[in-house]
Amino acid sequence: MSAPETGLLDNEEQALAAAEGLVRAGPPGPGADAFADLTRQYARLLRHVRYLIKVSDRMQVELNHLNDRLRESEQKYRSLFENVSEGIFIAQLDGRFVDVNPALAQILGYKMPVEFLRAHAEDSLWPFLDETEKERFLGTLAEYGVATHLQLRMMRRDGVAIWVEINAHTCTDVRGPVMAVEGMLSDITERKRMLEELRYLATTDGLTGLYNRRHFLELCERELLRSRRYRSEIVLLMLDADHFKTVNDTYGHSVGDEALRLIARLCRSQLREVDIIGRLGGEEFAVLLPQTSLQAGYEAAERLRNAIAQTALPLGDGRMLRFTVSIGVCSCATQKVTVEELLKAADQALYAAKDQGRNQVALQPEG
Ligand SMILES: Nc1nc2c(ncn2[C@@H]2O[C@H](COP(=O)(O)OP(=O)(O)OP(=O)(O)O)[C@@H](O)[C@H]2O)c(=O)[nH]1
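Let me sum up the structure you'll find in this document. (Residues numbered from 1 in each chain as written. Predicted model: local features only at pLDDT ≥ 70, side-chain atom pairs only at ≥ 80, totals over all residues. Heavy atoms only, no water.)

The next subject is the packing of aromatic side chains. Within this structure, the stated rule accounts for four aromatic pairs. Between Tyr 110 and Phe 116, the ring centres sit 5.4 Å apart and the planes meet at 85°, which makes this aromatic pair edge-to-face. Taken individually, Tyr 110 and Phe 116 each receive the classification buried, so the pair is uniform in this respect. An angle of 25° between the planes, with centres 5.6 Å apart, marks the rings of Phe 116 and Phe 128 as stacked. Pair noted here: Phe 116 is in helix α4 (residues 113-119) and Phe 128 is in the loop between α4 and α5 (131-144), with a separation of 12 residues, a long-range link. Taken together, the ring pairs connect Phe 89, Phe 97, Tyr 110, Phe 116 and Phe 128 into an aromatic cluster. (Phe/Tyr/Trp six-rings, centres within 6.5 Å; stacked < 30°, edge-to-face > 60°. Buried < 20%, exposed > 50% of the residue type's maximum accessible area, 1.4 Å probe, protein only. Helix = DSSP H or I, 4+ residues; strand = E, 2+ residues; numbered from the N terminus.)

Below you can see the structure in the form of structure tokens.
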């Protein structure tokens with residue numbers, strides 16, 4: 001028999017050895033057999049206890065090992081959670097945040113997660129989303145159980161609106177009902193701003209702020225399709241500054257640029273919000289007037305021509321520049337016409353206006 005592994009049993013072991021010695025010596029007298037039997041049972045019991053202790057020791061070692069691995073794993077994921085640049089959150093469906101990482105706290109204007117969690121311990125669900133955005137987010141989660149690359153407008157702690165892209169899912173546990181929402185979000189405000197800037201640069205004329213030629217033509221295509229579907233009339237104006245070369249040659253290119261900006265401003269102020277205004281290039285502009293008859297288009301062109309002729313551009317040295325424009329007008333009713341055909345017709349009308357002496361509005365040639 002090997003020695004017991006715990007100090008606790010030392011005395012019992014000695015007692016047992018002593019008892020077995022006594023049995024071997026065979027003390028005479030009544031009860032000797034019963035005593036020997038009891039001693040053997042005690043020895044068996046002791047072996048069981050020792051075995052159980054061994055098993056328990058082994059289990060403890062295994063448990064310690066598992067705990068170490070769990071701690072390592074927890075540390076590994078905790079480190080990811082703490083250091084990743086995306087915001088991570090776990091929230092209950094009743095609206096309280098269970099945990100957030102430092103990035104999430106910072107994105108929403110807090111220094112530390114603990115500060116964030118304390119501030120929103122009793123908040124309603126998603127305090128950073130207004131009703132519309134909350135509806136979009138929770139509606140998506142309710143319908144699909146996940147929200148992927150969802151772009152939402154959020155309100156930061158200081159009241160500044162930011163854009164985030166969110167990936168989230170609802171979590172169920174084995175008992176069934178939805179328990180929580182886990183998600184990750186990143187601040188895309190800057191990315192969105194840059195995209196917006198790029199879109200602006202790609203669609204806008206740098207000098208006047210009007211649509212550039214390419215975007216104007218795209219919008220015309222769209223508007224023509226719409227007018228065909230709703231069988232509405234559409235009018236195109238083509239506008240060209242008169243004797244603009246003389247303006248440039250007399251006053252300089254920068255004054256010419258100012259004059260072009262003035263035309264753009266007057267187009268905006270004299271026409272409707274829905275009218276699409278573009279600079280086709282040089283001193284040539286075009287305006288598409290949706291849902292407009294030829295007569296109404298002519299009147300709008302006349303109003304614009306008159307406003308430009310009546311407006312003087314101060315040159316800074318006391319002098320005022322006056323200049324005029326010619327405008328060609330064409331329309332398409334419900335018949336199939338392409339943008340190119342419309343532009344050509346308006347261009348012909350413009351030539352006619354120039355021919356008739358400039359500072360004129362001319363309609364598209366008949367037929
Ligand atoms: N300042 C300025 N001038 C421009 C710009 N684009 C084109 N121009 C000028 O516009 C003038 C156009 O001249 P022309 O095509 O001969 O026409 P015009 O002198 O206006 O004569 P008509 O159109 O026949 O009345 C040229 O001098 C171009 O240099 C611009 O962005 N800025």
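Moving on to the site of the ligand. Near the ligand you find 16 residues, and of these Phe 244, Asn 248, Asp 257, Arg 279 and Lys 354 are the closest. For the ligand, an oxygen atom lies 2.8 Å from a polar atom in the backbone of His 243. Within the backbone of His 253, an N or O atom sits 3.1 Å from a nitrogen atom of the ligand. Relative to its free-state accessible area of 660 Å², the ligand is covered by the protein chains to the extent of 67%. For the shell around the ligand, the secondary structure elements donating two or more residues are β6 (234-241), α8 (244-251) and α9 (253-270). (Near = heavy atom within 4 Å. Polar contact = N/O pair within 3.5 Å; in protein donor to acceptor, adjacent residues only side chain to side chain. Areas by Shrake-Rupley, 256 points an atom, 1.4 Å probe, with all protein chains shown as cover.)

So, on to the state of the cysteines. If you walk through the whole model with that rule in mind, you get zero disulfides. The structure places no disulfide on Cys 267, whose sulfur is separated from the nearest cysteine sulfur, that of Cys 220, by 14 Å. (Disulfide = S-S within 2.5 Å.)

Attention now goes to the pairing of strand β8 (residues 284-290). The element β8 is extensively covered by neighbouring structure, given that six of its seven residues are classed as buried. The sheet contact formed by strand β7 (residues 276-281) and β8 spans five bridges and is antiparallel. Pairing of Ile 276 across the sheet is with Leu 288, part of β8. (Pairing = 2+ DSSP bridges.)

Looking now at the sheet that holds strand β12 (residues 361-363). Taken in spatial order, the five strands make up an open sheet running β7-β8-β6-β11-β12, and their pairing is mixed. Every interior strand has two partners, whereas the edge strands, β7 and β12, have only one. Recorded for the sheet is a direction-independent mean angle of 20° between the axes of neighbouring strands. Strands β6, β8, β11 (325-332) and β12 of the sheet are contacted by helix α10 (residues 294-310), whose axis makes an angle of about 165° with β11. (Axes fitted to C-alpha atoms, helices over the stretch in contact; angles between N-to-C directions. Contact = heavy atoms within 4.5 Å.)

This paragraph deals with the environment of Arg 157. Relative to the elements of secondary structure, Arg 157 occurs in the loop between β3 (146-155) and β4 (161-172). On the basis of relative accessibility, which here comes to 46%, the residue Arg 157 falls in the partly exposed class. If we skip the residues at most four places from it in the chain, Arg 157 touches Leu 108, Gly 109, Tyr 110 and Glu 115. Among the polar contacts listed, one links the side chain of Arg 157 to the backbone oxygen of Gly 109, at a separation of 3.4 Å. Within the local environment of Arg 157, its side chain forms a polar contact with the side chain of Glu 115, the two groups lying 3.1 Å apart.

By size, the foremost hydrophobic cluster in this structure holds 33 residues, and its most contacted members are Leu 239, Ile 263 and Ile 327. Among the secondary structure elements, those contributing two or more residues to this core are β6, α8, α9, β8, α10 and β11. Contact partners of Ile 327, with chain neighbours within four places excluded, come to Leu 237, Met 238, Leu 239, Ala 301, Leu 304, Arg 305, Leu 350, Ala 353, Gln 360, Val 361 and Ala 362. Listed in part, the 25 residues of the second largest apolar core include Phe 89, Val 100, Leu 108 and Phe 116. (Core = buried A, V, L, I, M, F, W, Y, C linked by side-chain atoms within 4.5 Å.)

Moving on, we get to α5. The α-helix winds at 3.6 residues per turn, so residues separated by three or four positions along the chain end up facing the same way. Helix length check: α5, at 14 residues, gives a terminal C-alpha distance of 20 Å against a target of 20 Å (1.5 Å per residue), a fit within 8%. Those residues of α5 that sit buried are Glu 133, Lys 134, Phe 137, Thr 140 and Leu 141. The buried residues of α5 all sit within an arc of 140° when viewed along its axis, so they share a single face. Facing away from the buried side of α5 by more than 90 degrees, the exposed set consists of Glu 131, Thr 132, Glu 135, Ala 142 and Glu 143. N-capping of α5 is provided by Asp 130, with a side-chain oxygen placed 3.2 Å from the backbone N of Thr 132. Looking one or two places after α5, you find Gly 145, whose phi comes out positive at around 80°. (Expected span 1.5 Å × (residues − 1). Arc of directions from axis to C-beta.)

As a further point, take a nonpolar patch on the surface. A surface patch of nonpolar side chains, about 430 Å² in accessible area, is lined by Leu 195, Leu 198, Tyr 200 and Leu 201. If you trace the backbone, Leu 195 turns up in helix α6 (residues 189-203). (Patch = residues over 30% accessible without salt bridge, like charges linked within 9 Å, V, L, I, M, F, W, Y side chains within 5 Å. Salt bridge = Lys/Arg side-chain N within 4 Å of Asp/Glu carboxyl O.)

With respect to the helices, strands and loops of the structure, Asp 240 is situated in strand β6. Note: C-alpha distance between Asp 240 and Thr 311 (71 residues apart in sequence) is 16 Å. The residues contacting Asp 240, other than those within four sequence positions of it, are Glu 283, Glu 284, Val 325, Ser 326, Leu 350 and Lys 354. Within the local environment of Asp 240, its side chain forms a polar contact with the side chain of Lys 354, the two groups lying 2.7 Å apart.

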